Amino acid sequence: MDESKVKMRPLKPMPNFIFMSRWLQVPLYLGLIVAQAIYVYQFGVELKHLVEGLFFSSAKMTVVVRNVAACVADTKSLLHQRSSGRSRVARLASHYMARRA
């Protein structure tokens, strides 16, 4: 049987509608692609600043290491405290919000 002469039968109305509605998602996917490109660019900029700061300035590297160590120590101590009626997440959130103020 020659495949070029085989006719495809048309879809019924509902499957045809569902198949054609896929084009409604095109703007959504294009927007997601643009947003992802922006995030990748921003990540590259921040990574460049971090690498420059770490390798070309020992003072900045010391600050980064101290801040990370302090964050880890604070989190560890807060996680080991007994619960005072609040969840661990709530205690961590209130602790960090108090530190930022």
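Residues numbered from 1 in each chain as written. Predicted model: local features only at pLDDT ≥ 70, side-chain atom pairs only at ≥ 80, totals over all residues. Heavy atoms only, no water.

(A) Main features of the overall build of the chain. Per the secondary structure count, the chain includes 4 helices and 0 strands. For the chain, the α and β elements follow one another from N to C terminus as α-α-α-α. Per-residue burial over the chain gives 4% buried out of 101 residues. (Helix = DSSP H or I, 4+ residues; strand = E, 2+ residues; numbered from the N terminus. Buried < 20%, exposed > 50% of the residue type's maximum accessible area, 1.4 Å probe, protein only.)

(B) Molecular detail of the packing of aromatic side chains. Under the counting rule described, the total for this entry stands at 0 aromatic pairs. Its guanidinium or amino end placed over the ring of phenylalanine 19, arginine 22 lies 4.0 Å from that ring's centre, counting from NZ or CZ. (Phe/Tyr/Trp six-rings, centres within 6.5 Å; stacked < 30°, edge-to-face > 60°. Lys NZ or Arg CZ within 6 Å of the ring centre and 35° of its normal.)

(C) Region of interest: the pattern of salt bridges. Considering all chains together, one arrives at 1 salt bridge under this definition. One salt bridge connects glutamate 52 with lysine 48, and the closest N-O pair in it is separated by 3.7 Å. With glutamate 52 and lysine 48 both in helix α2 (residues 26–56) and 4 residues apart, this pair spans about one turn of that helix. (Salt bridge = Lys/Arg side-chain N within 4 Å of Asp/Glu carboxyl O.)

(D) How the structure looks around the environment of leucine 92. Following the sequence through the fold, leucine 92 ends up in helix α4 (residues 88–100). On the basis of relative accessibility, which here comes to 18%, the residue leucine 92 falls in the buried class. Taking the C-alpha atoms as reference points, leucine 92 and aspartate 74, 18 residues apart in sequence, are found 8.8 Å from one another. Contacts of leucine 92, omitting those with residues within four sequence positions, involve Thr75, Leu78 and Leu79. (Contact = heavy atoms within 4.5 Å.)

(E) Spatial organisation of a nonpolar patch on the surface. Nonpolar side chains collect at one region of the surface, where Phe43, Leu47, Leu50, Val51, Phe55, Phe56, Val64, Val68 and Val72 lie side by side and expose about 910 Å² of accessible area between them. Looking at the nonpolar patch, the elements with two or more residues in it are α2 and α3 (58–80). Here the nonpolar patch takes 6 residues from α2, the largest share from any one element. For valine 64, the position within the fold is in helix α3. (Patch = residues over 30% accessible without salt bridge, like charges linked within 9 Å, V, L, I, M, F, W, Y side chains within 5 Å. Areas by Shrake-Rupley, 256 points an atom, 1.4 Å probe, with all protein chains shown as cover.)

(F) Region of interest: the environment of leucine 50. Looking at the secondary structure, you find leucine 50 in helix α2. It is 9.2 Å that separates the C-alpha atoms of leucine 50 and lysine 60, two residues lying 10 residues apart in sequence.

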